[in-house]
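A look at the structure
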Amino acid sequence: MAHDAKRTARSLGVGAITAAPSVAWKRPVGGALAETQVVAHDIDADGAKDVVMVSAGSIVARRANDSQIWKSENIGARRVVAVANLDGQGPAEVIAIGSSPLGLYLLNAQTGATLWYKATGTVAIDALVVPNPSGGQRLFLAEQLGLLIAYAFPSGVTTPAANQIWLGATSP
């Protein structure tokens, strides 16, 4: 049954949980994190998902036992867009939006070091990562009332100018 008539979100179904659930770990984050501020990804290649999240202006990677893997410099972090291997070689990159200074950041997913930064005129930006048919990923950056820019990484993550493949017209 998908739902009941009163929409109580209750079901008569039986789950396969054999033991009482317990909390694995807790992390005070000083408030609530939005879904755009946390991503689960195996950062340290140990086979277990790690948490990449916004924390006090930085991006932080933590293991499931709450130990810190790395912490980026303070970029005024606002969002974690994705963790993706943009060039299809070596470790993945963390794609983040920051406000200090304003822009899009690519961080090394193993160390948290800034690899690449594209300045923007506003925090009203969005980024999207999509598969590149020739390998790796493409990254699109949209700035509110501004340009749509496409980036590809066939020779690795270098600079925004070197990785830029397309620039769209300004919005009306």
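The sections below set out a description of the structure shown in this document. Since this is a predicted model, take the numbers as computed values, not measurements.

1. Details of the sheet that holds strand S2 (residues 50-55)
Sheet strands line up and pair through hydrogen bonds in the backbone, either parallel or antiparallel. Pairing in this open sheet of four strands is antiparallel, and the strands run S1-S2-S3-S4 from one edge to the other. The open sheet terminates on both sides in strands that have one partner only, identified here as strand S1 (38-41) and strand S4 (68-71). Averaged over neighbouring strand pairs, the angle between their axes works out to 20° when direction is ignored. In the sheet, S1 pairs with S2 via four bridges, with the strands oriented antiparallel. Within S2, the position partnered with His-41 by the bridge is Asp-50.

2. Side note on the pattern of salt bridges
Evaluation of the coordinates by the stated rule reveals three salt bridges. The salt bridge involving Asp-66 is made with Arg-62; its shortest N-O contact spans 2.9 Å. The partner of Asp-126 in a salt bridge is Arg-79, with the nearest N and O atoms 2.9 Å apart. Of this pair, Asp-126 sits in strand S9 (residues 125-131) while Arg-79 sits in strand S5 (residues 77-84); the two residues are 47 residues apart in sequence, bridging distant segments of the chain. Judged by its relative accessible area of 39%, Asp-126 is partly exposed.

3. What about the packing of aromatic side chains?
For the structure on display, the rule yields three aromatic pairs. Relative to Tyr-117, the ring of Tyr-105 has its centre 4.8 Å away and its plane inclined at 45°; by these criteria the two rings are tilted. Note that Tyr-105 is positioned in strand S7 (residues 102-108) and Tyr-117 in strand S8 (residues 114-119), a separation of twelve residues in sequence. By relative accessible area, which is 29% here, Tyr-117 ends up partly exposed. The rings of Trp-116, Tyr-151 and Phe-153 are connected pair by pair, giving a single aromatic cluster.

4. Points about the environment of Phe-140
Residue position: Phe-140 is located in strand S10 (residues 137-143). Residue Phe-140 is classed as partly exposed on the basis of its relative accessible area of 24%. Taking the C-alpha atoms as reference, Phe-140 lies 6.3 Å from Tyr-151; in sequence the two are eleven residues apart. Not counting the four nearest positions on each side in its chain, Phe-140 is found in contact with Asp-126, Ala-127, Leu-128, Val-130, Leu-148, Ile-149 and Ala-150.

5. A closer look at the environment of Gln-144
Looking at where Gln-144 falls in the secondary structure, it is placed in the loop between S10 and strand S11 (148-152). Residues Gln-144 and Ile-125 lie 19 residues apart in sequence; the distance between their C-alpha atoms is 5.9 Å.

6. A word on the side chain of Glu-93
Tracing the backbone through its elements, the reader meets Glu-93 in strand S6 (residues 93-99). The charged side chain of Glu-93 is buried without a salt bridge, its nearest counter-charge being Arg-138 at 14 Å. In this structure the side chain of Glu-93 is engaged in a polar contact, spanning 2.8 Å, whose partner is the backbone nitrogen of Leu-86. With residues near it in sequence (within four places) discarded, Glu-93 still touches Ala-82, Val-83, Ala-84, Asn-85, Leu-86, Asp-87, Leu-107, Ala-109, Leu-115 and Val-157.

7. Quick look at a nonpolar patch on the surface
Among the surface-exposed residues, Leu-148, Ile-165 and Trp-166 lie close enough to one another that they form a single nonpolar patch of about 280 Å² accessible area. The topology assignment puts Trp-166 in strand S12 (residues 164-167). Accessibility expressed as a relative area gives 42% for Trp-166, which makes it partly exposed.

8. Thoughts on the sheet that holds S10
The four strands lie next to each other as S9-S10-S11-S12, forming an open sheet whose pairing is antiparallel. Each edge of the open sheet carries a strand with a single partner, namely S9 and S12. Across this sheet, the average inter-strand angle for adjacent strands is 20°, counted without regard to direction. Two strands pair when backbone bridges link them, and S10 and S11 are joined in this way by five bridges, in the antiparallel orientation. Within the sheet, the bridge partner assigned to Phe-140 lies in S11 and is Ala-150.

Rules behind the numbers
- Residues numbered from 1 in each chain as written.
- Predicted model: local features only at pLDDT ≥ 70, side-chain atom pairs only at ≥ 80, totals over all residues.
- Heavy atoms only, no water.
- Pairing = 2+ DSSP bridges.
- Helix = DSSP H or I, 4+ residues; strand = E, 2+ residues; numbered from the N terminus.
- Axes fitted to C-alpha atoms, helices over the stretch in contact; angles between N-to-C directions.
- Salt bridge = Lys/Arg side-chain N within 4 Å of Asp/Glu carboxyl O.
- Buried < 20%, exposed > 50% of the residue type's maximum accessible area, 1.4 Å probe, protein only.
- Phe/Tyr/Trp six-rings, centres within 6.5 Å; stacked < 30°, edge-to-face > 60°.
- Contact = heavy atoms within 4.5 Å.
- Lys, Arg positive; Asp, Glu negative; His and termini not counted.
- Polar contact = N/O pair within 3.5 Å; in protein donor to acceptor, adjacent residues only side chain to side chain.
- Patch = residues over 30% accessible without salt bridge, like charges linked within 9 Å, V, L, I, M, F, W, Y side chains within 5 Å.
- Areas by Shrake-Rupley, 256 points an atom, 1.4 Å probe, with all protein chains shown as cover.

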